[in-house]
Amino acid sequence: MEQQVGLGAVSLLGVLEQAYFSLQVIYSRRKFSVSPPATDGPPEFERIFRAQANCSEYFPIFITLLWTSGVFFSPGLSSVCGLLYLYGRLQYFWGYSESPQGRLAPLYFSSRVLWVLIGFSAVGVLMAFCRVYLGLDLQEVVLHLL
Amino acid sequence: MEQQVGLGAVSLLGVLEQAYFSLQVIYSRRKFSVSPPATDGPPEFERIFRAQANCSEYFPIFITLLWTSGVFFSPGLSSVCGLLYLYGRLQYFWGYSESPQGRLAPLYFSSRVLWVLIGFSAVGVLMAFCRVYLGLDLQEVVLHLL
Amino acid sequence: MEQQVGLGAVSLLGVLEQAYFSLQVIYSRRKFSVSPPATDGPPEFERIFRAQANCSEYFPIFITLLWTSGVFFSPGLSSVCGLLYLYGRLQYFWGYSESPQGRLAPLYFSSRVLWVLIGFSAVGVLMAFCRVYLGLDLQEVVLHLL
């Protein structure tokens, strides 16, 4: 558990960010008088609605990668990537609220961070696999080759 | 693993609840003849569809909080909150199926439960942080001050 | 961690599959000129959009079951079921892209796999419950009865 404090903190921060996005949708529903269950409305409302929906959709993928990468590769590096991702998502949400164009740069940024987490997870899982099933410490092998 | 039995049981119950909601959408699609990929239909269908979509959206947030709070704060208290949340979501689904108004009271209830889990998680992560990085046992400090 | 390598690998594979589905939606948006935040378009686009939305919706449920079943029942069997589920979801996505009918067979297959994971989780949680709270080893009891 010692090493997972950072992962826990980033997970909690991610939940708070989602809560913030949900509140923005609620305010936006009131502002543009779009009552549930309707999800169609003026473009401003639809952008905020889609921004939140997109962030929600990626949230479980983010959490899965954060912990896979954190447990199998490095909790510290994963937590840092997690913070960068959450920062990117905040910029994405604000950008998308302004215009469809405004979502692009932070979207590319946050998906690049996810690919880094995918890379970390892949390396971590591969290393654990070699250690458990082949009795091979890849880290040592690589250090030896250098 | 001893302490996490409750968390596992609540997670499983949460999955079963989601399965129940999904089945209701399928029955409702048949009843109102709304064939996939369409998601628009009579208000009754749209309410059930949105109720399920909303519960699905919150499911990963709920699971993340349940386990963060359970691992870092207290598995017992978190499991109890988890049961309350799932109960609230069931009431929400049934209420929303009846009318948009019917979703409000249980929605407020279940989001209040989530805020309690957020509070537990925050206290738990903070305590773990102080213990790991500052060598400080907050629980002892608080008991000492009382 | 030794036993969880398979679960980590399947989780990562699941994330990569979701990334693939998301990319297909992006390509489809370009092909049929459906710019965000719009989600309505020609049936071909809507099928791909709904296929991805449905897979995303089930992703957190899948991950929750994979790990609950893996931690409490058997990491090996859960990983195998996980691979089957991901295979079923790929067939579902391709089938739904072709026609609404094409989604049905793989949808039934992948939900059957989820029910197997639900069964494993239930047995695992029950066994852990009996061991922790009743001091009863169910596995031994069953072996004794045979």
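Residues numbered from 1 in each chain as written. Chains lettered and ligands numbered in written order. Predicted model: local features only at pLDDT ≥ 70, side-chain atom pairs only at ≥ 80, totals over all residues. Heavy atoms only, no water.

**Observations regarding the overall build of chain A**
Here comes step 1: If you tally the helices and strands in chain A, you get 5 helices and 0 strands.
Here comes step 2: Its C-alpha atoms give chain A a radius of gyration of 19 Å, more than 25% over the compact-globule value 15 Å for 146 residues.
Here comes step 3: Projected onto its principal axes, the C-alpha positions of chain A cover 65 × 30 × 20 Å.
Here comes step 4: Counting every position in chain A, which comprises 146 residues, the buried fraction comes to 51%.
Here comes step 5: Within chain A, contacts between residues separated by at least 24 positions form 66% of all contacts whose residues are at least 6 apart in sequence.
Here comes step 6: Each charge class in chain A can be summarised by its mean position, and for the 9 positive and 9 negative side chains these summaries are 9 Å apart. (Helix = DSSP H or I, 4+ residues; strand = E, 2+ residues; numbered from the N terminus. Rg over C-alpha atoms; globule rule 2.2 N^0.38 Å. Buried < 20%, exposed > 50% of the residue type's maximum accessible area, 1.4 Å probe, protein only. Contact = heavy atoms within 4.5 Å. Lys, Arg positive; Asp, Glu negative; His and termini not counted. Charge placed at Lys NZ, Arg CZ, Asp CG, Glu CD.)

**Quick notes on the relation of the copies chain C and chain A**
Here comes step 1: Superposition record for chain C on chain A: RMSD 0.0 Å, screw rotation 120°, translation along axis 0.0 Å. Here the symmetry operator amounts to a three-fold rotation axis. Within chain C, C:Pro60 has its C-alpha nearest the rotation axis, a separation of 3.3 Å.
Here comes step 2: The overlap is low: 4% of the interface residues of chain C also sit at the interface in chain A, so different surfaces are used on the two sides. (Least-squares fit on C-alpha atoms with pLDDT ≥ 70 in both.)

**Some remarks on the interface of chain B and chain A**
Here comes step 1: Opposite the 25 residues of chain B that make contact, chain A presents 24 residues.
Here comes step 2: Here chain B meets chain A over a buried area of about 2,000 Å², counting both sides, of which 75% is carbon and sulfur.
Here comes step 3: At the junction of chain B and chain A, the tally comes to 0 salt bridges.
Here comes step 4: Between chain B and chain A we count 2 residue pairs in polar contact (both at pLDDT 80 or more) in total.
Here comes step 5: Of all elements in the fold, only α2 (43-72) and α4 (104-133) of chain B reach the threshold of two or more residues within the side of chain B that touches chain A.
Here comes step 6: With 12 residues, α2(B) is the single largest residue contributor to the side of chain B that touches chain A.
Here comes step 7: Residue composition of the side of chain B that touches chain A, grouped by class: 16 nonpolar, 3 polar and 6 charged. (Buried area = accessible area lost by both parts, 1.4 Å probe. Salt bridge = Lys/Arg side-chain N within 4 Å of Asp/Glu carboxyl O. Polar contact = N/O pair within 3.5 Å; in protein donor to acceptor, adjacent residues only side chain to side chain. Nonpolar A, V, L, I, M, F, W, Y, C, P; charged D, E, K, R; others polar.)

**A closer look at the packing of aromatic side chains**
What describes a pair of aromatic rings is the distance from one ring centre to the other and the angle between the planes of the rings.
Here comes step 1: This structure, assessed with the given rule, holds 24 aromatic pairs over all chains.
Here comes step 2: Between A:Tyr92 and A:Tyr96 the ring centres are 5.6 Å apart and the planes differ by 65°, which places this aromatic pair in the edge-to-face class. Of this pair, A:Tyr92 and A:Tyr96 both sit in helix α3 (residues 75-98), 4 residues apart, roughly one helical turn. Judged on exposure class, the residue A:Tyr92 and its partner A:Tyr96 are both buried.
Here comes step 3: Above the plane of the ring of B:Tyr92 lies B:Arg89, whose end atom (NZ or CZ) is 4.8 Å from the centre. (Phe/Tyr/Trp six-rings, centres within 6.5 Å; stacked < 30°, edge-to-face > 60°. Lys NZ or Arg CZ within 6 Å of the ring centre and 35° of its normal.)

**As for the interface of chain C and chain A**
As a measure of interface size, the accessible area lost when the parts come together is often cited.
Here comes step 1: Across the contact, 23 residues belong to chain C and 25 residues belong to chain A.
Here comes step 2: Across the chain C-chain A interface, the total number found is 0 salt bridges.
Here comes step 3: Of all the secondary-structure elements, those providing two or more residues to the side of chain C that touches chain A are α1 (5-31) and α2 (43-72) of chain C.
Here comes step 4: Ranked by the residues each element gives to the side of chain C that touches chain A, the list is headed by α1(C), at 10 residues.
Here comes step 5: Looking at the side of chain C that touches chain A residue by residue, the classes come out as 14 nonpolar, 8 polar and 1 charged.

**A few points about the environment of B:Phe32**
Residues and elements named next belong to chain B.
Here comes step 1: Topologically, Phe32 is positioned in the loop between α1 (5-31) and α2.
Here comes step 2: Along the sequence, Phe32 and Tyr20 sit 12 residues apart, while their C-alpha atoms lie 18 Å from each other.
Here comes step 3: Every residue in contact with Phe32, bar those within four places of it in the chain, is listed here: Pro42, Glu44 and Phe45.

**Observations regarding α4(B)**
Here comes step 1: Here α4(B) spans 42 Å end to end across 30 residues, near enough to the 44 Å set by a 1.5 Å rise per residue.
Here comes step 2: B:Gly135 lies just past α4(B) and shows a positive phi near 60°. (Expected span 1.5 Å × (residues − 1).)

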